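# A structural walkthrough
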Amino acid sequence: MRRFNQRSLFFGALPVFLIFFFSMLSIVVQAQQRQIAGTVKDAKGAAVTSVSVVIKGGNASTITAEDGSFKISAKTGDVLVLSAVSFETAEVKITASSSYDVVLTSSSVALTDVVVVGYGTQRKKDVTGAVKSLKAESFNKGIITSPQQLLQGKVSGVNVTSVSGEPGVQQGITIRGPGGVRTSNTPLFVVDGIPLDNNLTGRGDPLNFLNPQDIESMDVLKDASATAIYGSRGANGVVIITTKKGKAGASQLSFSSSLGISKIARKLPVFTAAEFRSEVPKTGATIDDKGASTDWQDEIFRTGITQDYNLSLSGGAEKLTYFGSFGMQKQEGIIKKNNLNRYSGRFNASQKFWNDRLVIDVNLAVNQTKNDRPFFSAILGQAISNNPTYPARDANGNPVFVAGVNNPLFSIDGEGEMSTINRVIGSISPSLTIVKGLVYKLNFGIDNSNGTNDIQSKPSVTPFREGRLETFYNYNRNRLIENYLTYNWVKNPHNVSALAGHSYQRIFLQGRNYSINRFTAGGVEPQYNPGTGQLLDLATNRPGGFAVINELQSFFGRLTYQYNSKYLATVNFRADGSTKFGENNKYGYFPSFSLGWKITEEDFMRNSIFSNLKLRAGWGITGNQELPEKQTQPLFTSSTAGNQSYPLYPSGTYPAGTIYVRLANPNLQWETSTQIDVGLDFSLRNAGLSGTIDYFRKVTNNILLAVPPADPIVPASTVWTNVEDMNIINQGVELELDYRHSGKNVSYNVGGNVTFIKNKVENSPYTVITTGLAAGAGLTSSPLNGYINGEPIGTFYLNRWDGIGANGQSVYFDKDKNGSTYTDNDRIAAGTALPNIIYSFYGGVNVKGFDFNFNMNGVSGNKVYDLTANSTFTKVNLSRSGNVTAEAVAAANESSSNAAPISTRYLKNGAFLRMNNMSLGYNVNTSKLGVSKWVSNLRVYVTGQNLFVITDYNGYDPEVNTDRNSGGVISYGIDYLSYPKAKSFIFGLNLSF
């Protein structure tokens, strides 16, 4: 009999209870003189929804329904204030009439035309750098666990890679190509004014703490003229995330709920039991047939259910606005026993004092992320290679144990990793208008993160496991204090804005780890009582730990100038001092400037087809400080090893000796990127077409790299240095187009973007810097990637496979013509994992309450190394009764003894086009239902995510990047037992009260 799950009942009933409770709460009985009704439309006669309607100087307020209608209690003489995003605010005085039709005019400075730049905002038409602003309504839809997924395919020059299908997995993101060898290529993320530290305190993406439903906009700063204001952290670009804020006017209570159903998008086509029985004898081997017919992939995969609930309350008056939210996401991965749960809460408020001269903004966000995951690489390896004639379960449904065969069901139940991350981010930002145009602002922020990670192997008799628990505790304390002044001065035709400030950020990182072995089978799980372990020795259970402090002190400034609203100039400067660098290079200096020309403001363009035509160009220098801590400092160690200790007494244990492990390196300095950008922004008058085209060239030098020391007396095997003459060049062209048409009953939009990009390594003093270590029997530690002069980053450095010879053995290209065909000297540059074309397109239509939207994205020109196939799907493995795909037996004359070392045989085309998401929704007319007094907006929708992928790649998914770095040198484009992606359908409901 199935047990009743009270916890499931609670979470299932929670949304129903919340809807009922807050619906009742929203019914407010007010004394009134009479009911005022009206409709709000735009200049084309289309209804405008969600318009805030407020009694000026009073408390009564409402918002318009889907058909633009509203009702509010008022008396003669009151003034209605109507405001909405993208429209000018309108005021209507109440007379004897009880019905009003209001027409709102489009705002020339709408919110959608405002972009967030470092330490401020600018109108989009005044921006001189390469900046893209994305609002919430344009985000990708579906099951979203990290903000980077919202951007995928949405911004030209930005390549977002979901490295696997695991829930909450770290997302790869680069802006205008990678520029580092061992340093991170991840952009700087700034959330509500706080630059985040990307150090992890647990498993998953560092941005998983952000609830996507709380994000108002994401602004991507791409070129150096825009990112130089962030100095040493701007080389990889900057992503500024702004969360939702309250707005003066009607209070709004919103609730959203969705249910997602996910299944594996594509299984690997390994042999069925019947095919296996047919193919094994062809290799000359005797089949090990147990008589079953098992699909091992079906045994480990499941249908995952995702529940997502969000509740928010916002509003305010003239002096005070507020926003509060709570979110809960419970996601089941498509591999059994894999679960990701996130709980988030957020509150912010803005209060004005002293006739609005003092404004205090406060933000607070609290988050907990819990991630339970089995060791899926081992589980996948077992599921795709196990003999399909072996049974997975007995007659009672219990996993079957057979000596010599790894049943993945035992791994799923007995081994895994459990992590919990608690994170609190808060800030207070008062700003004071000292005199007209001069504003002082203080920004004080904290970001505290604690993570616990338990890696557990449960004790078991069959199969035998003695049990082990390893626990990691990690802490991240990020403190920020900034003071800056902003001055704005306007005297026609001049417009000047100046910014000057100081920033200090201190990041404290600490980690500890413990472990213990040998637990009693059948008892309490090790994670719940480590004290039941029986083996605690220093040989296998030595405690570990670390602690570092990173400090960054900065002085920054910006000057913008406009002449006659036609000619624009921006100058940025930042000086950064970091504890990561040596005494001789403690500070780095990062200038930039950019120019703009609004061509459509010229008299000769007054009657042109363009409503906007702006030419802009910029140059700047930015830095990268993402290297391990303390590399400039000397390091000592104490040890009792034979070559370090020495006797002080005739007998007894030798005392520890202390020696140098690393010498001081006071000359280590910033990795720098110099970038130029030339762009053109345009939109056609009365045509709905707009777009942007940019050319960029980014050169990264002073490459930070750990290399063998030139001096033989240096005690370390590697030392960090700047490779001064080595350059990494990214250059390309970006194009974005968008077309929008709005009619009375129908509106639609289509658009897309494409990036053509080339990456190249130049002047490296090394023949090749290898990375991308292979794994699997006979393959371990063989490098797959190489950084080579004249080739892109992510190049595959491999022996070329030329097919199967007459003797049934592989034939390889003899590059050096010495008669030996498989040596390191025969390796070639065989293509790169980096795409040279990144593209996407989208569309949408709205018809009488229905809305339909889709987003597609793809890449081209890249390769993927299928290490899974290389290590598993070979004729040798089939002859040993291991399962394979048809690819392994494609060459009929191949010998079953033919070895499969790394080579271009397993290098495959990684290009793809993906239907990222498709959504169909309906906005219910609450007025017709008679519930508009209580429910202002009601929307239902269904979304499909990862519906299909067009690709030649025959692995689980071509969008993959298993980390196989070598000594910290970044690897690219390797697929090794990667978690498959899911195809999902999401059913959702949005309510506003």
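Relevant structure appears above.
Notes on the structure in this doc start here. (Residues numbered from 1 in each chain as written. Predicted model: local features only at pLDDT ≥ 70, side-chain atom pairs only at ≥ 80, totals over all residues. Heavy atoms only, no water.)

## Some words on the side chain of Asn513
For Asn513, the location among the structural elements is in strand S25 (residues 494–517). Classification of Asn513 by relative accessible area gives buried; the value is 17%. (Helix = DSSP H or I, 4+ residues; strand = E, 2+ residues; numbered from the N terminus. Buried < 20%, exposed > 50% of the residue type's maximum accessible area, 1.4 Å probe, protein only.)

## A short note on the side chain of Arg905
Within the element layout of this structure, Arg905 appears in the loop between helix H10 (875–879) and strand S47 (907–909). Within polar-contact distance, the side chain of Arg905 engages the side chain of Glu894 at 2.8 Å. The residues contacting Arg905, other than those within four sequence positions of it, are Trp801, Ile804, Ser810, Glu894 and Asn898. (Polar contact = N/O pair within 3.5 Å; in protein donor to acceptor, adjacent residues only side chain to side chain. Contact = heavy atoms within 4.5 Å.)

## So, the sheet that holds strand S5 (residues 79–83)
Taken in spatial order, the 4 strands of this open sheet run S3-S2-S5-S6, and their pairing is antiparallel. What marks the edges here is a single partner per strand, and that holds for strand S3 (61–63) and strand S6 (90–93). Strand-to-strand twist of the sheet, defined as the mean angle between neighbouring strand axes without regard to direction, takes the value 20 degrees. By the bridge criterion, 4 bridges tie S5 to S6 in an arrangement that is antiparallel. Its bridge partner lying in S6, Val81 is registered against Glu91. (Pairing = 2+ DSSP bridges. Axes fitted to C-alpha atoms, helices over the stretch in contact; angles between N-to-C directions.)

## Overview of the nonpolar core
Within the largest apolar cluster, 61 residues are counted, with the highest numbers of intra-cluster contacts made by Val181, Phe301, Leu784, Tyr865, Leu867 and Phe873. Taken together, the elements giving at least two residues each to this core come down to helix H5 (296–300), helix H6 (376–385), helix H7 (408–414), strand S34 (703–707), strand S39 (783–787), strand S40 (795–799), strand S43 (827–832) and helix H9 (867–872). At 5 residues, H6 tops the list of elements feeding residues into this core. Apart from residues lying up to four places away in sequence, Leu784 is in contact with Thr771, Gly772, Ala774, Thr795, Phe796, Tyr797, Leu798, Tyr865, Leu867, Ile902 and Ile974. Core analysis: the next-biggest nonpolar cluster, separate from the first, contains 24 residues, Phe139, Ile173, Ile194 and Leu196 among them. (Core = buried A, V, L, I, M, F, W, Y, C linked by side-chain atoms within 4.5 Å.)

## Regarding the pairing of strand S7 (residues 99–103)
Burial along S7 is one-sided: the residues Tyr100 and Val102 are buried and none of Ser99, Asp101 and Val103 is. Summarising the sheet, strand S1 (residues 34–41) and S7 pair through 5 bridges and their orientation is parallel. In the sheet register, Ala37 faces S7, and the bridge partner there is Ser99.

## What to know about the pattern of salt bridges
With the rule as written, the count across this model stands at 43 salt bridges. Among the ionic pairs, Arg423 bridges to Asp447, the shortest N-O distance being 2.8 Å. Note that Arg423 is positioned in strand S22 (residues 415–435) and Asp447 in strand S23 (residues 438–457), a separation of 24 residues in sequence. Asp447 matches Arg423 in its accessibility class, with the two residues each being buried. For the salt bridge of Lys458 with Glu525, the shortest nitrogen-to-oxygen distance reads 3.4 Å. With Lys458 in the loop between S23 and strand S24 (468–491) and Glu525 in the loop between S25 and helix H8 (538–541), the pair connects residues that are 67 residues apart, well separated along the chain. A relative accessible area of 24% means that Lys458 is categorised as partly exposed. Several salt bridges converge on common partners, so that one network encompasses Arg176, Lys222, Lys614, Arg616, Asp677, Asp681, Asp694 and Glu734. (Salt bridge = Lys/Arg side-chain N within 4 Å of Asp/Glu carboxyl O.)

The values are spatial; any link to function lies outside them.
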